[in-house]
Amino acid sequence: MSKLPRPDLPQFTTKIPSTGKEVKYRPFLVKEEKILLLALEDGRWDNIMTATTQILQNCLHDEVNIDKLTSYDVEWLFLQIRSKSIGETTTLRFRHTKNKNRAGEECKHIQEVTVDLTDVECIGNPAPGKIEISDKMGMQMSYPTYKQTQKINVNSGKGIDQIINTVAGCVDYIYDADNIYYAKDSTPKEIQEFLENLNKEQFSKIQEFFVNIPKLQKEITYTCERCGETTVHKVKGLQSFFG
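Residues numbered from 1 in each chain as written. Predicted model: local features only at pLDDT ≥ 70, side-chain atom pairs only at ≥ 80, totals over all residues. Heavy atoms only, no water.

Participant: Where do I start with the packing of helix α1 (residues 30–42) against helix α2 (residues 45–59) in this structure?
Facilitator: Helix-helix packing is described using two parameters, namely the angle between the two axes and the distance between the axes. Across the interface, α1 lies against α2 with an axial gap of 9 Å and an inter-helix angle of 170 degrees. By the criterion of interaxial angle, the relationship of α1 to α2 is roughly antiparallel. Two secondary-structure elements touch here, α1 through Glu-32, Ile-35, Leu-36, Ala-39, Leu-40 and Asp-42 and α2 through Asn-47, Ile-48, Ala-51, Gln-54, Ile-55, Asn-58 and Cys-59. Its residues assigned to classes, the contact of α1 with α2 comprises eight nonpolar, three polar and two charged. (Axes fitted to C-alpha atoms, helices over the stretch in contact; angles between N-to-C directions. Helix = DSSP H or I, 4+ residues; strand = E, 2+ residues; numbered from the N terminus. Parallel < 35°, antiparallel > 145°, perpendicular 65-115°, else oblique. Contact = heavy atoms within 4.5 Å. Nonpolar A, V, L, I, M, F, W, Y, C, P; charged D, E, K, R; others polar.)

This is the structure we're talking about:
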């Protein structure tokens, strides 16, 4: 018995933000949409991340190691695939903080806004710079990979130890006036001990580095249909665009 024919699928191209490499992809199919819907119904972000990885592996034509992509690479690629699969718009819902507008008037209205996903940008410097710990000492960092981000979400309740472990995994090298100390030549424990011996001001520079990791972003201006107040809202990160 001959196999049933398979429908032809359109092919699109985009660039990986961190490297500029061009990759080809197809829209996701019913089987991939099912993976996504099950993850969304479950509601756990770590399961959504796993589903995102599976969909990328299925839909990218070029050989790409998903585990080595940065978190914002994966978010960008998934958004491109999603926009060509389900549609280039999504509906987001906004409400006033504590159900009051800026004039202090009560307004519990939930405003629906249609967002054009083709206007979403990846904002931030794709090349991480050095962090100057002091006049004579600094660190060269790399952005966390999507795999590292998954571990952060799964273990998000473990506090400072998890933060230290995450930072340690993103250190490329440490330098002073005389030497460069590459992370690959040190043990994870040695790097963790180095980080634990930083003062609060020095460690805050590392925290700032993570806050400024490139991310999906779009500025949305909308007017509440109930009270008439106009609000400008910056939507950031893939999760915010799921609607």
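Participant: Got a minute to help me understand the pairing of strand β1 (residues 12–15) in this structure?
Facilitator: It is a general feature of regular strands that their side chains alternate between the two faces of the sheet. Relative to strand β2 (residues 22–25), β1 runs antiparallel, the two being bridged by four bridges. Across the sheet, residue Lys-15 finds its bridge partner in β2, namely Glu-22. Linkage of β1 to β2, two consecutive antiparallel strands, is achieved through a turn of six residues, within which Gly-20 is found at a positive phi near 80 degrees. (Pairing = 2+ DSSP bridges.)

Participant: Help me out: how do you make sense of the sheet that holds strand β6 (residues 130–132) in this one?
Facilitator: Note: strands within a sheet are paired through backbone hydrogen bonds, in either parallel or antiparallel orientation. Pairing is antiparallel across the open sheet formed by four strands, whose spatial order is β6-β7-β8-β9. Two strands close off the open sheet at either side, each with one partner strand: β6 and β9 (180–182). Ignoring strand direction, the axes of neighbouring strands in this sheet form an average angle of 20 degrees. Strand direction decides the pairing type here: strand β8 (residues 171–175) and β9, joined by three bridges, are antiparallel. In the sheet register, Tyr-173 faces β9, and the bridge partner there is Tyr-182.

Participant: Got a minute to help me understand helix α7 (residues 200–211) in this structure?
Facilitator: For an α-helix the count is 3.6 residues per turn, leaving residues at separations of three or four pointing the same way. Counted at 1.5 Å a residue, the expected span for α7 with its twelve residues is 16 Å, and the 16 Å between its end C-alpha atoms agrees. Listed as buried for α7 are Gln-202, Phe-203, Ile-206 and Phe-209. Along the axis of α7, the buried positions cluster into a sector of 100 degrees, meaning they face one direction only. Facing away from the buried side of α7, by more than 90 degrees, are the exposed residues Lys-200, Glu-201 and Val-211. Capping the start of α7, Asn-199 holds a side-chain oxygen 3.1 Å from the backbone nitrogen of Glu-201, two or three residues further along. (Expected span 1.5 Å × (residues − 1). Buried < 20%, exposed > 50% of the residue type's maximum accessible area, 1.4 Å probe, protein only. Arc of directions from axis to C-beta. Polar contact = N/O pair within 3.5 Å; in protein donor to acceptor, adjacent residues only side chain to side chain.)

Participant: Could you clarify how one ought to interpret the sheet that holds strand β5 (residues 121–123) in this entry?
Facilitator: Taken in spatial order, the three strands of this open sheet run β5-β10-β11, and their pairing is antiparallel. Each edge of the sheet is formed by a strand with only one pairing partner; in this case those strands are β5 and β11 (230–236). Averaged over all pairs of adjacent strands, the angle between strand axes in this sheet comes to 40 degrees, irrespective of strand direction. Two strands pair when backbone bridges link them, and β5 and strand β10 (residues 215–223) are joined in this way by three bridges, in the antiparallel orientation. By the bridge assignment, Cys-122 is partnered in β10 with Leu-216. Where helix α3 (residues 71–85) meets the sheet, its contacts fall on β5 and β10, and the angle it forms with β10 comes to roughly 55 degrees.

Participant: How should I be thinking about the pattern of salt bridges in this particular structure?
Facilitator: Working definition: two side chains of opposite charge can pair if their charged atoms are close together. By the definition in use, this model includes seven salt bridges. With its nearest N and O atoms 3.8 Å apart, the salt bridge here joins Asp-119 to Lys-218. With Asp-119 in the loop between β4 (111–116) and β5 and Lys-218 in strand β10, this pair connects stretches of sequence that are 99 residues apart. Residue Asp-119 is classed as partly exposed on the basis of its relative accessible area of 41%. A residue is classified by how much of its surface remains accessible, and Lys-218, at 17% relative accessible area, is buried. (Salt bridge = Lys/Arg side-chain N within 4 Å of Asp/Glu carboxyl O.)

Participant: Sorry if this is basic, but what is going on with the nonpolar core here?
Facilitator: One broad rule of soluble globular proteins: the nonpolar side chains tend to lie buried together. Core analysis: the biggest nonpolar cluster contains 36 residues, and Leu-56, Leu-60, Ile-220 and Phe-241 have the highest contact counts within it. Elements represented by at least two residues in this core include exactly β2, α1, α2, α3, β3 (89–94), β4 and β10. Ranked by the residues each element gives to this core, the list is headed by α2, at seven residues. Val-167, Ala-168, Ile-206 and Ile-213 belong to the second largest nonpolar core, which has 20 residues in total. (Core = buried A, V, L, I, M, F, W, Y, C linked by side-chain atoms within 4.5 Å.)

In short, the description is geometric, and any link to function would need to be established separately.
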